[in-house]
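# Overview (structure and organization)
The primary structure of each chain is shown beneath.
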Amino acid sequence: MTAIDVSHSGLAAARAAFRTCRFTGLKVDIAAQRLIMANAVAAVVFLAVGGLMGLLVALTRWPAVHLLPSEWFYLVLTGHGANVLLFWIIFFEIAILYFASAVLLGSRIATPKIAWAAFVLMVAGAIMTNVAVFQGDSSVMFTSYPPMQASPHFYLGLIIFAVGALIGVGIFFATLVVAHGERTYEGSIPLVTFGALTAAIIAVFTLASGAIILVPTWLWSLGLVAEIDPLMYKVVWWGMGHSSQQINVAAHVSVWYAIGALTIGAKPLSEKVSRTAFLLYILFLQLASAHHLLADPGMSATWKIVNTSYLMYLAVLGSLIHGLTVPGALEAAQRRNGYTKGAFEWLRKAPWGNPAFSGMFLSLVMFGFIGGISGVVLGTEQLNLLMHNTIYVPGHFHGTVVAGTTLAFMAMTYYVLPLIFQRDVIWPKLARWQPYLFGMGAGGISLFMMGAGTLGVPRRHWDITLTDAMHPFDLPSGGFLMMGLNGLAAVIAAAGGILYILITVGTVLWGKRLDKGEAPLTFPLHKQAATVAEYGSHATVKLPGTIILVSVFFLSFVLYYFVNWKYLSEIWLLR
Amino acid sequence: MAISPPQNRLWWNEPIERVEIGWVVVAFLWGLFMFFFMIAWHFIGGQNLSTETYRITPAAYEQKVATFAEKYQVSEESGVPVVRPPVGEDVFILARLWEWWPLLELKKGQSYRIHLSSIDWQHGFSLQPVNINISVHPGYEQIITLTPTEAGDFGIACNEYCGIGHHMMTGRIRVVE
Ligand code: HEM
Ligand SMILES: [Cu+2]
Ligand SMILES: [Cu+2]
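As the structure is a prediction and not an experimental result, all values here were calculated from the model.

### Quick word on the overall build of chain A
Regarding its fold elements, chain A presents 17 helices and three strands. Taking 2.2 N^0.38 as the reference for a compact globule, 575 residues should give roughly 25 Å; the C-alpha atoms of chain A span a radius of gyration of 23 Å, in line with that estimate. With the C-alpha coordinates aligned to their principal axes, the bounding extent of chain A is approximately 70 × 60 × 45 Å. Within chain A, the proportion of its 575 residues that are buried is 65%.

Next up, the structure:
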């Protein structure tokens, strides 16, 4: 599968084998390439399993379909959360870390054997947790709040998975050190690697919190620890659970920059601003555990306000900055490419038929408009009362982690396949449609769940008709309508997801080999994709299109924010 | 290029584009505004979640709620007491698998100190269609002062997953003029 074009080692210490990519000129370590492939394949497998479970959940919550019986619903929902949020995303992130270190820096990967051990641990842990879920006595949701208890191997699987991931992160750091020591690159690390570094640093904090809380919980499930305080559990668990979402953000923002560079030759407007924005993530996101405790007893209002806002919204500021610098970099690049008419020729004439580009752009827009705005509103101390634990919450995070992260990773796959697997993407016509299909579905489920939650529909709930309840009452009919529309959107998202899996697996197995001959890419790279060019926006400092887009975004944000305060001011008085 | 090292090694000395600076300032100020607005709402707003919380054992809480229900019970519905506490009296709601107990009757426009705690797992107090949502933990007794502003029947659902009967867990507050 891998051809070794150039086989040499920079230093005697490194007996690594390299090839030179004929599309980008990058020097690729074969050991790193294999590890990236393994992690990417595992990611896609867990996405397939978890995504299918998502469809089953959505079809059950579609009142007219109500597919699964209640026990199965809660079981499958637990499996859905674990497989997609943890296993799919983290396997893919490990692949990104190896890519951003070894490949982008043209270095050998540090200690490939240990990296394989990490991979094996992650696979073993993920399988163990899945086994526990399917045995049926661990339907505790992936958050597993005590005193509700799962089987010991449910927690043990998660712990083993986290240890594996932590080792993978360690390999990333070690590879940076190797690259630096062996001088495989000049000057500073690329922006994308810098973003990945941000993600990795956050990951250390996150995985440590995970261990701190899951190890005692596991011992508790074995009967060795008498009690786990439910409030303390939530504080520490979300130190992992929420911060790990910032890993996703750092990773997918890096992916946006990378795809911008690969498809249209985009460069950061200024390295300084983009890097500072990443830095803000590291400095301030540890605080975000509070997002999940705003409606809980026991914390002071001061603690809630300071923490939920990441100390005055400084981590949000990071994302807002990327919200301008990413489209700004795209616009500047397109204007350099000759699309200079009006405010939006650069956008109209963008490579919309290239699934990497379209997926990236949809991810950028939906992450900002849907996931981002709803996240800040949901994380506002008092506004949280209106939506806490309603299905608005899954609505919000399908906007971040599905329409944002997952779609960005899917888009990236269209370059991982040719550049790392060295297979040309098959079924280009279908591939062209895939991001639109999945994006539409993912945006749909996010918005409809948010709508239903605004009308009071609870999350993780099998029967909103409440017919079997002791004191039945009616939830608003609008909520039922929204859950029906959510079911429809879920079918569209699932279609897009299945298409993604088929294209990916098909390409890996049957795609035209690119390591032999001179065949061009179906979805070409920009001619400057990897050549070093002047950084920054040169003369193209006028970015009218970006300014308009960002203004529309900002106005929507402010408007939606105040609409929710208005809504809050109309409910019962509470103090 | 974002995937290759910055060409200018001294990238931290580059000038920053005007639009970037402008947006950073706007975004920063907006963050500050949102931060201070949360604080301000504690003074100008009528909806702030109290943080008054005490530790309590489930058994002790169960006892308190039972005493309260017995004292002010006015009738019974499907075996569950309907309780009408006098205005100003402390009101107790108990969460357990799988009900909110007991049923309550409150007066519109009057304030009540409502105590919330669970005697088993975590539950989610979700008052509908008002849409007030509060987490309820075992071992912690939270007290909120609630003033109903409309009359009618209001359901309480559970929106924290609490096992196989989660979707059957309900309760009710009736508000009378
Ligand atoms: C075909 C695509 C998908 C569909 C149709 C879908 C649908 C749903 C639905 C309907 C829920 C249940 C909400 C509830 O009852 O509380 C849910 C929960 C969830 N989804 Fe998805 N989803 C999809 C993909 C994803 C992906 C890719 C991720 C992560 C990257 C994800 C992460 C989650 C998480 C973490 C939960 C919460 C589980 C819990 O409450 O314990 N979903 N999803
Ligand atoms: Cu409950
Ligand atoms: Cu419940």
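Still more ground to cover, so stick around.
### Remarks on the coordination of the iron atom of ligand 1
Residue and element names in this part refer to chain A. Protein-derived coordination of the iron atom of ligand 1 comes from His80 (NE2) and His398 (NE2), at a distance range of 2.0 Å. For the iron atom of ligand 1, the six donor atoms in the first shell make angles of 84 to 179 degrees at the metal, so the coordination geometry reads as octahedral. Of this pair, His80 sits in helix α2 (residues 70-105) while His398 sits in helix α14 (residues 392-421), and the two are 318 residues apart along the sequence. This pair shows no difference in class: His80 is buried, exactly as His398 is.

### Description of the packing of aromatic side chains
Residues and elements named next belong to chain A. Counted by the stated rule, this structure contains 50 aromatic pairs over all chains. Note on Trp116 and Phe119: the rings are 5.8 Å apart at their centroids and 85 degrees apart in plane angle, and the pair reads as edge-to-face. With a gap of three residues between them, Trp116 and Phe119 both fall in helix α3 (residues 112-135), about one helical turn apart. When its relative accessible area of 15% is taken as the criterion, Phe119 is described as buried. Aromatic pair Phe154 and Tyr155: ring centres 5.6 Å apart, planes at 90 degrees, arrangement edge-to-face. On the accessibility criterion, Phe154 (0% relative accessible area) is buried.

### Some points on the side chain of Asn131(B)
Within the fold, Asn131(B) resides in the loop between β8 (123-128) and β9 (132-136). There is a polar contact of 2.9 Å between the side chain of Asn131(B) and the backbone oxygen of Thr454(A). Here Asn131(B) is in contact with Leu385(A), Leu386(A), Thr390(A), Gly453(A), Thr454(A), Leu455(A), Gly456(A) and Tyr567(A), once residues within four sequence places are set aside.

### Quick notes on the coordination of the copper ion (ligand 2)
All names here are of chain B. At 1.9 to 2.4 Å from the copper ion (ligand 2) lie its protein donor atoms, namely His123 (ND1), Cys158 (SG), Cys162 (SG) and Met169 (SD). Its four donor atoms give the copper ion (ligand 2) angles of 91 to 133 degrees at the centre, a pattern that matches the tetrahedral case. The sequence pattern formed by the donor residues of the copper ion (ligand 2) is H-x34-C-x3-C-x6-M. Metal-to-metal, the separation of the copper ion (ligand 2) and the copper ion (ligand 3) is 2.6 Å; Cys158 coordinates the two. Of this pair, His123 sits in strand β8 while Cys162 sits in the loop between β11 (152-158) and β12 (170-176), placing them 39 residues apart in sequence. As far as the burial class goes, His123 and Cys162 line up, both buried.

### What to know about the UniProt feature "transmembrane region" (unreviewed entry) in chain B
Under the UniProt annotation, "transmembrane region" (unreviewed entry) lies at residues 21-44 of chain B. Between the first and last C-alpha atoms of residues 21-44 of chain B the distance is 33 Å; the span itself is 100% helix and 0% strand.

### Quick look at helix α5 (residues 191-221) of chain A
Here α5(A) spans 44 Å end to end across 31 residues, near enough to the 45 Å set by a 1.5 Å rise per residue. Downstream of α5(A) by a residue or two, Gly223(A) has a phi angle that is positive, lying close to 85 degrees.

What counts and how
Residues numbered from 1 in each chain as written. Chains lettered and ligands numbered in written order. Predicted model: local features only at pLDDT ≥ 70, side-chain atom pairs only at ≥ 80, totals over all residues. Heavy atoms only, no water. Helix = DSSP H or I, 4+ residues; strand = E, 2+ residues; numbered from the N terminus. Rg over C-alpha atoms; globule rule 2.2 N^0.38 Å. Buried < 20%, exposed > 50% of the residue type's maximum accessible area, 1.4 Å probe, protein only. Donors = N, O, S within 2.8 Å, 3.2 Å for Na, K, Ca; no water. Tetrahedral: all angles 85-135°; square planar, octahedral: opposite > 155°, others 65-115°. Phe/Tyr/Trp six-rings, centres within 6.5 Å; stacked < 30°, edge-to-face > 60°. Polar contact = N/O pair within 3.5 Å; in protein donor to acceptor, adjacent residues only side chain to side chain. Contact = heavy atoms within 4.5 Å. UniProt positions renumbered as here; feature names shortened; annotations may be inferred. Expected span 1.5 Å × (residues − 1).

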